[in-house]
Amino acid sequence: MKLYAISDLHVGFEPNRALWRSLPHHREDWLILAGDLGETEAHLRFVLGVATERFARVLWVPGNHELWTMPNDLDGRGEARYHRWVELCASHGVLSPEDPYVTWPGGGAPCVLAPLFVLYDYSFRPDHVAEADALAWARAAGIECTDEALLYPDPYPTRTAWCNARVAATRPRLDAIPADHGTVLINHFPLRRELAWLPAIPRFSIWCGTRQTESWHRDYRAQVVVSGHLHIRSRRWIDGVRFEEVSLGYPRQRSADKPIAHYLREILPGPAPESGRV
């Protein structure tokens, strides 16, 4: 029995849809979908339908693309949109950040799987850049995330306020995990600033997470931390903890001749410690 993960399927692109349709059966295994499956209900229904048919159990966390509200979109915005997708997951038997955390049944030391929904607060920026100047700092390099136009924080006044509320709601749940249990922490956005490194667009980092989570891998005894968002697949070891970025990405960002199985990352049992960068 294994736990796999993948993110950033972006099935609005037909090549990615076709690739996802070819997902092989893993009838005894579990799968993490770490956000940015697509932008619409049809996208999510398609991805969840395939995943739940091929895997024994599926977990989902939202990415920023699921939270986008397009013009004339009737699926709500902000927190209401997020809860719409939570209800959609429940209808497919898929676990979301609103469900009780489950303990991994695949053997080994007790390990809790913790799907998280923690946004960003523009704090992944150099120390000399003030919070109020973060957007101007990114824009000065010609960079602005589409979230600024399409990701509404309703009913919160700002995305930062929504992020703060999510952090505040998540900490007590993680604190309640028994001290003798490890965790797999799952979030679309990286939990540490050093991981939000995009060589071609470094100032995009302000839309990649919050410093409030930087010690969570230690605080909550993580065995693995799973994220996506960057479209730069990697494996890093920090403080003895394995950090997996599991994006598929846009069609132009991957090899056209590799099957979807190539992009499924094994989370548990996973590789031996310090097995290097992927």
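So, here's what we can say about the structure. (Residues numbered from 1 in each chain as written. Predicted model: local features only at pLDDT ≥ 70, side-chain atom pairs only at ≥ 80, totals over all residues. Heavy atoms only, no water.)

**Observations regarding the sheet that holds strand β8 (residues 234-238)**
- Across the sheet, which stays open at both edges, the six strands sit in the order β4-β5-β6-β7-β9-β8 with mixed pairing between neighbours. Of all strands in the sheet, those bounded by a partner on one side alone are β4 (102-103) and β8. (Pairing = 2+ DSSP bridges. Helix = DSSP H or I, 4+ residues; strand = E, 2+ residues; numbered from the N terminus.)

**Thoughts on the packing of aromatic side chains**
- Scanning the model with the defined rule gives eleven aromatic pairs in all.
- Judged by centre distance (5.6 Å) and plane angle (90 degrees), the ring pair of Tyr 120 and Tyr 122 falls under edge-to-face.
- On the basis of an interplanar angle of 75 degrees and a centroid distance of 5.6 Å, the ring pair of Tyr 120 and Phe 189 is categorised as edge-to-face. You can see Tyr 120 sitting in the loop between β5 (111-115) and α4 (134-139) and its partner Phe 189 sitting in the loop between β6 (182-186) and α7 (216-219), a full 69 residues away along the chain. Like Tyr 120, the residue Phe 189 is buried in the burial classification.
- Through pairs of rings, three or more aromatic residues link up here, namely Trp 60, Tyr 82, Phe 117, Tyr 156 and Trp 162.
- A cation over a ring is seen here: Arg 77 above Tyr 152, with NZ or CZ 3.6 Å from the ring centre.
- Residue placement shows Arg 173 over the ring face of Tyr 101; its charged tip is 4.2 Å from the ring centre. (Phe/Tyr/Trp six-rings, centres within 6.5 Å; stacked < 30°, edge-to-face > 60°. Buried < 20%, exposed > 50% of the residue type's maximum accessible area, 1.4 Å probe, protein only. Lys NZ or Arg CZ within 6 Å of the ring centre and 35° of its normal.)

**Here's the deal with the sheet that holds strand β3 (residues 55-60)**
- Pairing in this open sheet of four strands is mixed, and the strands run β3-β2-β1-β10 from one edge to the other. Among the strands making up the open sheet, the edge pair consists of β3 and β10 (265-268). Between one strand axis and the next, the sheet turns by 30 degrees as a mean value, whatever way the strands run.
- Of the pairings in the sheet, the one linking strand β2 (residues 26-33) to β3 comprises five bridges and is parallel in character. (Axes fitted to C-alpha atoms, helices over the stretch in contact; angles between N-to-C directions.)

**Quick look at the environment of Phe 46**
- As for its position among the elements, Phe 46 is in helix α2 (residues 41-54).
- A relative accessible area of 16% places Phe 46 in the buried class.
- Between the C-alpha atom of Phe 46 and that of Arg 17, which follows or precedes it by 29 residues, the distance is 8.6 Å.
- Not counting the four nearest positions on each side in its chain, Phe 46 is found in contact with Val 11, Arg 17, Trp 20 and Arg 21. (Contact = heavy atoms within 4.5 Å.)

**Here's the deal with the nonpolar core**
- One finds Ile 6, Trp 20 and Leu 33 to be the most contacted residues of the largest nonpolar core, which totals 72 residues.
- Counting residues per element, this core draws most heavily on α2, which supplies six residues.
- Excluding its chain neighbours within four sequence positions, the residues that come into contact with Leu 33 are Ile 6, Leu 9, Trp 20, Val 47, Leu 48, Ala 51, Val 58, Leu 59, Trp 60 and Val 61.
- If you look at the next biggest cluster of nonpolar residues, it comprises 19 residues, including Leu 3, Ala 34, Leu 95 and Val 226. (Core = buried A, V, L, I, M, F, W, Y, C linked by side-chain atoms within 4.5 Å.)

**Observations concerning unusual backbone geometry**
- The linkage connecting Asp 154 with the following residue, Pro 155, adopts the cis geometry, with an omega of 5 degrees.
- Inspection of the secondary structure assignment puts Pro 155 in the loop between α5 (147-150) and α6 (159-175).
- Note that the residue after Leu 268, namely Pro 269, is joined by a cis bond; omega there is -5 degrees.
- Mapping Pro 269 onto the fold places it in the segment after β10.
- Positive phi, close to 55 degrees, is recorded for Asp 239, a residue that is not glycine.
- Residue position: Asp 239 is located in the loop between β8 and β9 (241-245).

**Observations regarding the packing of α2 against helix α3 (residues 79-91)**
- Running from N to C, α2 and α3 cross one another at 30 degrees; their axes reach a closest spacing of 11 Å. Relative to α3, α2 is oriented roughly parallel. Seen along the crossing, α2 lies across α3 with a hand that is right-handed. Between α2 and α3, the contacting residues are Glu 41, Leu 44, Arg 45 and Leu 48 on the first element and Arg 84, Trp 85, Leu 88 and Cys 89 on the second.
- Its residues assigned to classes, the contact of α2 with α3 shows five nonpolar, no polar and three charged. (Parallel < 35°, antiparallel > 145°, perpendicular 65-115°, else oblique. Left-handed = near helix turned anticlockwise from the far one by under 90°. Nonpolar A, V, L, I, M, F, W, Y, C, P; charged D, E, K, R; others polar.)

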